[in-house]
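# Geometric and topological summary
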Amino acid sequence: MTEPEQELFRRLVAAASRVCRLADEPDVFDEYNDSDGLRDFLDALAELDKLLREVDPVPLPPARQPAPTVADVLAVLLALPGVPGLEELTGRLDDEQVEKALRVALNLSDRHRQTNLIVRLAPRLSEVQAQRALTVVPTMDRASQQMLTLVALLPRLPEARRSASARFALAAASRLHPATGASSLMKLAPWLDAAQRATLYDIVTSRLGDGSGPELCWLAEHYLPEQRTAALNKIIQVADGNSRAVLLTAIAPHLDEAQLAVATDAAAGIIEPGFRARALAGVARSLPAARRRQAVSAALTAAGEATGDGHSYLAWKDLFPLLEPDQLGDALAAVAAVRDGHSRAHSLSLLIPLLPSTLLPTAAAAARAIADHGARAAALASLVPYLPDEVRTSAVSAAAEALTERPGGPWASHLRVLAPHLTTEQLAGLWEVALREEREYPQQALATLAPFVDADRRGQALELALSYEPQHLVDAVHELAPHLDAARRGRAYEEIRQIQEPASRARGLARLVAYLSPSETAEVAQEALATAGTLRDPGARAALLAELVPHLDGTSRETALAWAFAAATAIEPEDRCPGFPALTRLVPLIAGAGEGN
């Protein structure tokens, strides 16, 4: 070993030792930690990565390669043992590929994968192919695998084979583990006669615990009309008010008039008013007009009684669309009486699009009266797009004041609504709050306000973004980039180029491409690709290149796809994740680029 090689080896060992030592710091993996310890750790990682690439550089593929096609991806998958990931792409196979995939599926020793692949292939199979698939069902280990496979194959089988196959599937259903969801059982029902459906109903109801029952509604809703009365009676016995409300809502559209009367009484009998309101609203949608109004009025009264539980808003979303114009005032009064601030804010956001202009000032007053600053800001922001000018000004002012008092949470989304209506003074105040908040961690508030402030303030936001750790720096600059002038975008570009960690540097460069001049675009895109291409692990390299594709176009996009495809195919079998996402994730990207194969 030469002296330079020995020196490089000593530096490599020292860098690796430093990474291991710093990794033992207790808070080094806190993503919002701004300590010197975290910065030292990241610098050590970057130095180690740089030395590794110096010792054993990753050669870049040719710069210009044609993008792969969907057919290329399918050809690779079909050539691999067990065709990993093909389940996600069966809809793209041609007839010859379907036959090849079926042959592979029939010979898989992994019964779970065999089941999944046959189920996904089933809609593409001919009658002859479906009958061949049928031959492996008795060899499957689990009753659930047998039943799922049979249910998928039944529509493709010739009429003469369906009856016996349905009986086999029903027998498998009787052996299912109780934890198996009944949704799969429901798919079997259309292929059974009345007696067999009764048996299936008994299987399902015997597996239901006290208070459960979505599967019961599916039975009554889709496949077993003769059992709807029995299903309704079982729902009425459910003690939990919330569960009974959900189930009555689900089954109501499938009941006749007499059954609906029973369901309405069951809804009205729920003790807790919030859940009673939900149940009445759910049933009301299926009632004739005269009875619907009566049920809606009862639901409105119940929802008004549920002012202290914080859950009344759950009833409003079902109830509001059923209100007649003369009931909107009562609904607004009920919402205004809700004591929980967040519930009132959410309820107002649902009601406001339905209100006539005469009720909007009352709605704004109800929002301003919310004590919690965050909930008050949320309520007022939801109202702003609907308010007339004379009411909007005071609502915006109140919302800005609330956000100043209690920033955080989803406040960037509230700012997005309010920003076009803010005065210069309000913008300045919120900008200072946003600067203070985002020194702690990025929240996109500054980027939301950036279009409405002057260039100097945008420069402030950029400087703060450039002080973040690489991952957050890249995200923050991406949000700010559309609002920066050429000089500041150039500064952002130079700072991103200095990021030592290759993945963050590549992401940052690719995200800037859309905002650069035509003369800069090709160079920066190539730099992003070259950076991503240096990642040693082919799985990580494929994932990063695929992530860059949406930010590139033209030749750069084709190159990114080609390199990602090459990296994915280089992953060793033992390192492929289940489903081979490194390869299958490329298909929608290729198709989005216009590939029609």
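None of these values were measured; they are calculated from a predicted model. (Residues numbered from 1 in each chain as written. Predicted model: local features only at pLDDT ≥ 70, side-chain atom pairs only at ≥ 80, totals over all residues. Heavy atoms only, no water.)

## Focus on the overall build of the chain
Scanning the chain from terminus to terminus reveals 34 helices and 0 strands. Counting over 597 residues, the chain shows a buried share of 48%. Contacts spanning at least 24 positions in sequence make up 63% of the contacts within the chain whose residues lie at least 6 apart. When the accessible surface of the chain is summed, it comes to about 27,700 Å², and 53% of that surface belongs to carbon and sulfur atoms. (Helix = DSSP H or I, 4+ residues; strand = E, 2+ residues; numbered from the N terminus. Buried < 20%, exposed > 50% of the residue type's maximum accessible area, 1.4 Å probe, protein only. Contact = heavy atoms within 4.5 Å. Areas by Shrake-Rupley, 256 points an atom, 1.4 Å probe, with all protein chains shown as cover.)

## Some details on the confidence of the model for the chain
Averaged over every residue, the pLDDT of the chain is 86; the share at 70 or more is 89%. Highest mean pLDDT in the chain belongs to helix α6 (residues 127-134) (97); lowest belongs to helix α11 (residues 214-223) (56). (pLDDT = per-residue confidence, 0-100.)

## Points about the packing of helix α30 (residues 518-532) against helix α31 (residues 538-548)
Closest axis-to-axis distance for the α30/α31 pair is 9 Å, and the angle between their directions is 160°. In terms of orientation, α30 lies roughly antiparallel with respect to α31. The chirality of how α30 crosses α31 is right-handed. Note on element contacts: α31 touches α30 through R541, L544, L545 and L548, opposite A528, L529 and A532. (Axes fitted to C-alpha atoms, helices over the stretch in contact; angles between N-to-C directions. Parallel < 35°, antiparallel > 145°, perpendicular 65-115°, else oblique. Left-handed = near helix turned anticlockwise from the far one by under 90°.)

## A look at the layout of surface pockets
If you add up the space inside the second largest pocket, you get close to 280 Å³. Lining the second largest pocket are 13 residues, and of these T115, V119, S144, L148 and S184 sit closest to its centre. When residues of the lining of the second largest pocket are traced back to their parent elements, those giving at least two are α5 (111-121) and α7 (143-153). Partitioning the lining of the second largest pocket into residue classes produces 4 nonpolar, 7 polar and 2 charged. (1 Å grid on protein atoms, 1.4 Å probe; cavity = no way out; pocket = protein on both sides within 12 Å on 5 of 7 lines; lining within 4 Å. Points joined across faces, edges and corners; volume = space filled by probe spheres on them. Nonpolar A, V, L, I, M, F, W, Y, C, P; charged D, E, K, R; others polar.)

## Here's the deal with helix α27 (residues 470-480)
For α27, the complete set of buried residues consists of H472, L473, V474, A476, V477 and L480. Of the surrounding elements, those touching the buried residues of α27 are α25 (445-449), α26 (455-466), α28 (486-497) and α29 (502-512).

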